[in-house]
Amino acid sequence: YILLGLALGLFSCQQTAGEANNNEAKNKMNNRQIDWQGHRGARGLLPENTIPAFLEALKYPVKTLELDVVISKDKQVVVSHEPWLSPEICVQPDGAAIPESDLPAFPILSMDYAEIKNFNCGQQASRFPEQKAIEVVKPLLSDMIDAVENYCREQDRDLPHYNIEIKSRPEWDNELTPVPEEFAALLLAVLNEKGITDRTCIQSFDLRSLEAVHRQAPDMTTAYLIEGAGSVAAKMEKLSFTPTIYSPYYKLL
């Protein structure tokens, strides 16, 4: 239920035979540790991308919290995997089911956060039989960060890193998500306000979003999410900069 995050860093290394046997170099390699990530919090146990799920993940040896963000009508950064209220996990304020359709019934970009937080998004996801259903709302990113940081300090626990995915696609522009430049600016503003940029990686499948983040915050850790066949070189040619992390679908490894 806790995602094992394996990030393939882009690097090159040339060593002489003597350097390869250097004890210091060996020690550095041996001291590398797995970055255990709580995927959407602890979605196998509690509803995904909710504050209780993130706090649950922190009870495990998790170093990084993985999450997704979208934008509301009033320009709030909301933690959500889809830029709409999903019928799989959400119900309407009166408890009625959200209708299934090709077009989302409740796009988050068309709703102020005051409206969004009236929806219960803690229904049990069918894929996770051990997940406990609770009444819970989609949180603001700022509120989620505050809850996590406060919990860690109260528990005398190391503060976590954050792996945040910008959920955007060209066909979603101005309908389900803002254009990448605005999206990146809104996200970076929250990270700067909370003082966690040095503990955050921004990832995306959308190259436009990665480019926007890099233009606005060149030192920001970024991860290029990869799906589909193609060489590393061919994929990298599509970006104007070298991201910190190259993160392929596991079968491509």
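Placed above this text is the structure.
What you see is a predicted model; the values in this text were computed from it and never measured.

1. Observations concerning the state of the cysteines
Should the sulfur atoms of two cysteines be covalently bonded, the bond is a disulfide. Scanning the entire structure with this criterion turns up one disulfide. The disulfide that involves cysteine 90 links it to cysteine 121, with 2.1 Å between the sulfurs. Taking the torsion about the S-S bond as the criterion, the cysteine 90 to cysteine 121 disulfide, at about 110°, is right-handed. One end of the pair, cysteine 90, is in the loop between strand E5 (77-79) and helix H4 (113-116); the other, cysteine 121, is in the loop between H4 and helix H5 (141-154), and 31 residues separate them in sequence. Cysteine 121 shares its class with cysteine 90; the two are buried.

2. Concerning the pattern of salt bridges
Inspection of every chain in the model, using the stated rule, returns twelve salt bridges. Between arginine 43 and glutamate 48 there is a salt bridge, and its shortest N-O distance comes to 3.3 Å. Both residues of the pair, arginine 43 and glutamate 48, belong to the buried class. A salt bridge links arginine 127 to glutamate 88, with the shortest nitrogen-to-oxygen separation between them at 3.8 Å. Here arginine 127, found in the loop between H4 and H5, pairs with glutamate 88, found in the loop between E5 and H4; they are 39 residues apart in sequence, far enough to count as distant.

The rules we used
Residues numbered from 1 in each chain as written. Predicted model: local features only at pLDDT ≥ 70, side-chain atom pairs only at ≥ 80, totals over all residues. Heavy atoms only, no water. Disulfide = S-S within 2.5 Å. Helix = DSSP H or I, 4+ residues; strand = E, 2+ residues; numbered from the N terminus. Buried < 20%, exposed > 50% of the residue type's maximum accessible area, 1.4 Å probe, protein only. Salt bridge = Lys/Arg side-chain N within 4 Å of Asp/Glu carboxyl O.

Read these as spatial facts, not as claims about activity.
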